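Below, each chain spelled out in residue letters.
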Amino acid sequence: MRISFCQGLLTAAIVLNLLILYYVSRAQQQMMEKRKELGRGSRRAILPASGLGGGLVAAGGAGGDRGLVGVEGHGRSARVTVLLREFENFENFVGDVANSFLHQRADLPFLAVADVPPYPPLVLPDGARLLVLSPSPDQPPQAHRPEFHVQTEFVFLVPDGVELEQPRVIERLIRELEGEGGGPVRMVAAPVLVRSAVQCLHLRVNLREWTATYSPAASGSSGSVCTALQGDAVVLMRTEDLFNLSVPLGRPLFAALFIQTALRGWKVKLLESPCFSATHRPLFSSAHNQWKADTRMKEATGKLMKSFGVKRLLLSDGKEQWFGCSKETPRCFGTVQDDTPDYLYLERWTPPCCLRALRETTKYVINILESSGVRYWLEGGSLLGAVRHQDIIPWDYDVDLGIYLEDVPNCDHLKNLDSGSLVDANGYVWERAVEGDFYRVQYSEANHLHVDLWPFYSRNGVMTKDTWTDHKQDVEFPEHFLQPLVPMPFAGITAFGPNNHKAFLELKFGEGVIENPQYPNPAKKRLDRSKL
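Residues numbered from 1 in each chain as written. Predicted model: local features only at pLDDT ≥ 70, side-chain atom pairs only at ≥ 80, totals over all residues. Heavy atoms only, no water.

Naming follows an unreviewed UniProt entry, where the protein chain appears as Ribitol-5-phosphate transferase of Oryzias sinensis. One UniProt comment on the protein chain, placed under Sequence similarities (unreviewed entry), says "Belongs to the LicD transferase family." (UniProt positions renumbered as here; feature names shortened; annotations may be inferred.)

Next comes the structure, spelled out in structure tokens:
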């Protein structure tokens, strides 16, 4: 077979291109390896203190030249970094904690971490360092990222005021954690002062429902295994695990830590002993300082829950804490577009604070309608929620009631609304809706969660209206569904609904609507029923 000149030229060009690609690839690989080496070097480097107080600040004089990874007397590198995150600027014992640990184990790196430069400044011994998390414009980004300043295999999270009396207890905790292998126990904890100072809890976090639930955990003979701790304790965990969390050092530390670890299925083992000493208990010398600390902790908790999207805490003692909307604040979501609230796109359902407000408004409105002699019935998605859940549909954002138009004059809150809105004595806003010929009752002037009242009248045995919306369920229906109205549980009360709710709903929405839940506008966002 003869090869023409053009074929030979083409073959040579292909070979040349392949050679060029090979050498370019080799050069890129070498550059990447150099960057990795530089990155590792920057992590090991001692970063200079910022003139603005940011970054890593060494304590003491000559001791400030020590690296983060200390060297033991036997020539072995330290395996654990002691990290103190929770302390108050106005009164703390960070210096005493550092002295206690470094006196017993001079090889241990000690790192105090603050959001902003503490004032008054901390007084730390040689070998202890302060890391400020807030960025500074004259510092490289790694100066404020804690993962660049902890180079040991383990990190030991300690509270303010704790002391190290027996240097070998840290090794015991390490052995306990290593003994768990690669199982779900990723943290080992020990109490401060006495075992009763800390409680082992089970924590279940349901981000879809914006809720975290704490419950007591049973204690075993060799320690308790649970998903959260409450109280005074030290915690040991692998550094890699800590910095695989999205917010490794949030405040409050235990709340931030255990919400994230519970979502990953990780557990903590709380040992019965040893107990760590703490001469500084209580931490604060005056009731005023205790009040300041409690106030700041409450503020930090609210900020953390907002960032995590947790709006309701159910505590182990049965109490609740709320971090969402209220009567004095706007609702948690904005104007709904295409019948699909923004939270559905985040794979979440209606925030519990919004559901609570809707239930309160529904109970209030129904009480007024009944006392005024206004016949009403659960309509649309609200009737669907009553049949499925005896409650509001978990992803719904309003409540719908049908009313007889001829009964409107019976209700003082409704009969004069043509002239404007009415804010009643309890702060609810009654108005004629601008979107159509119906009424709306808002939770408050600030919070626009609402109940809609749809007036129908009977014509030849058919319930009808003069104006209609583009919702498919907004249609005429036979009046016999309302004769009689029947009581049914809904949102914590007994409300009235059509007498044949299945036929009524299938007339409105189509066959099988009760058995086959779906979001309001599947064209925009569909419900994954496998996750129900």
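Draft legend 1. Focus on the overall build of the protein chain. Within the protein chain, the secondary structure is distributed over eleven helices and 24 strands. When each of the 532 residues of the protein chain is scored for burial, the buried share is 48%. For the protein chain, the accessible surface area stands at approximately 26400 Å², while carbon and sulfur atoms represent 53% of it. (Helix = DSSP H or I, 4+ residues; strand = E, 2+ residues; numbered from the N terminus. Buried < 20%, exposed > 50% of the residue type's maximum accessible area, 1.4 Å probe, protein only. Areas by Shrake-Rupley, 256 points an atom, 1.4 Å probe, with all protein chains shown as cover.)

Draft legend 2. Expanded view of the nonpolar core. Grouped together as the largest cluster of nonpolar side chains are 63 residues, with contacts concentrated most on Leu 369, Leu 401, Ile 403, Leu 414, Trp 430 and Leu 453. In terms of residue count, helix H8 (residues 352-372) provides more of this core than any other element does, ten residues in total. When near neighbours in sequence (up to four residues on either side) are disregarded, Leu 401 contacts Val 365, Ile 366, Leu 369, Tyr 376, Trp 377, Leu 378, Glu 379, Val 451, Asp 452, Leu 453 and Trp 454. (Core = buried A, V, L, I, M, F, W, Y, C linked by side-chain atoms within 4.5 Å. Contact = heavy atoms within 4.5 Å.)

Draft legend 3. Broad picture of the state of the cysteines. All told, the structure shown has one disulfide when counted by the stated rule. Note on cysteine connectivity: Cys 200 is disulfide-linked to Cys 226, with sulfurs 1.8 Å apart. Here the S-S torsion is close to -85 degrees, and the disulfide linking Cys 200 with Cys 226 is therefore left-handed. Here Cys 226 lies in strand E9 (residues 224-226) and Cys 200 lies in strand E7 (residues 198-206), a separation of 26 residues in the sequence. Side by side, Cys 200 and Cys 226 carry an identical accessibility label, which is buried. (Disulfide = S-S within 2.5 Å.)

Draft legend 4. Seen up close, the pattern of salt bridges. The full count for this structure, using the stated rule, is 27 salt bridges. The closest approach of N and O atoms between Lys 525 and Glu 347, which form a salt bridge, is 2.5 Å. Of this pair, Lys 525 sits in the segment after helix H11 (501-509) while Glu 347 sits in the loop between helix H7 (342-345) and H8; the two residues are 178 residues apart in sequence, bridging distant segments of the chain. Between Glu 406 and Arg 375 there is a salt bridge; the shortest N-O distance is 3.1 Å. In this pair, Glu 406 sits in the loop between strand E16 (399-404) and helix H10 (412-415) while Arg 375 sits in the loop between H8 and strand E15 (376-378), placing the two residues 31 residues apart along the sequence. Taken together, the salt bridges that share partners define one network made up of Glu 86, Glu 88, Arg 251 and Arg 296. (Salt bridge = Lys/Arg side-chain N within 4 Å of Asp/Glu carboxyl O.)

Draft legend 5. Broad picture of the packing of aromatic side chains. By the definition in use, this model includes 20 aromatic pairs. A ring pair is formed by Phe 254 and Phe 258, whose centres lie 5.3 Å apart and whose planes are at 65 degrees; its orientation type is edge-to-face. Here the residue Phe 254 and the residue Phe 258 both occupy positions in helix H5 (residues 253-263), the gap between them amounting to four residues, near one helical turn. The pair formed by Phe 254 and Phe 258 is uniform in burial state, with each residue classed as buried. Among the aromatic residues, ring-to-ring pairing joins Trp 377, Tyr 404, Phe 456, Trp 468, Phe 477, Phe 481 and Phe 504 into one connected group. It is Lys 292 that lies over the ring of Phe 90; its NZ or CZ is 4.1 Å from the centre. Sitting over the ring of Trp 210, Arg 348 keeps its end group 4.5 Å from the ring centre. (Phe/Tyr/Trp six-rings, centres within 6.5 Å; stacked < 30°, edge-to-face > 60°. Lys NZ or Arg CZ within 6 Å of the ring centre and 35° of its normal.)

Draft legend 6. Structural context of the confidence of the model for the protein chain. Overall, the predicted model of the protein chain reaches an average pLDDT of 89, with 86% of residues at or above 70. For the stretch residues 34-54, pLDDT sits under 50, and the model shows 33 contacts to residues farther than four places along the chain or on other chains. Within the model, pLDDT remains below 50 along residues 59-75, and this stretch shows 41 contacts once partners closer than five positions in the same chain are excluded. (pLDDT = per-residue confidence, 0-100.)

Draft legend 7. Representation of the environment of Val 116 within the structure. Residue placement: Val 116 occurs in the loop between strand E3 (110-114) and strand E4 (128-132). Of the residues examined, Val 116 reaches a relative accessible area of 44% and is grouped as partly exposed. Along the primary structure Val 116 and Leu 131 are separated by 15 residues, whereas in three dimensions their C-alpha atoms are 9.0 Å apart.

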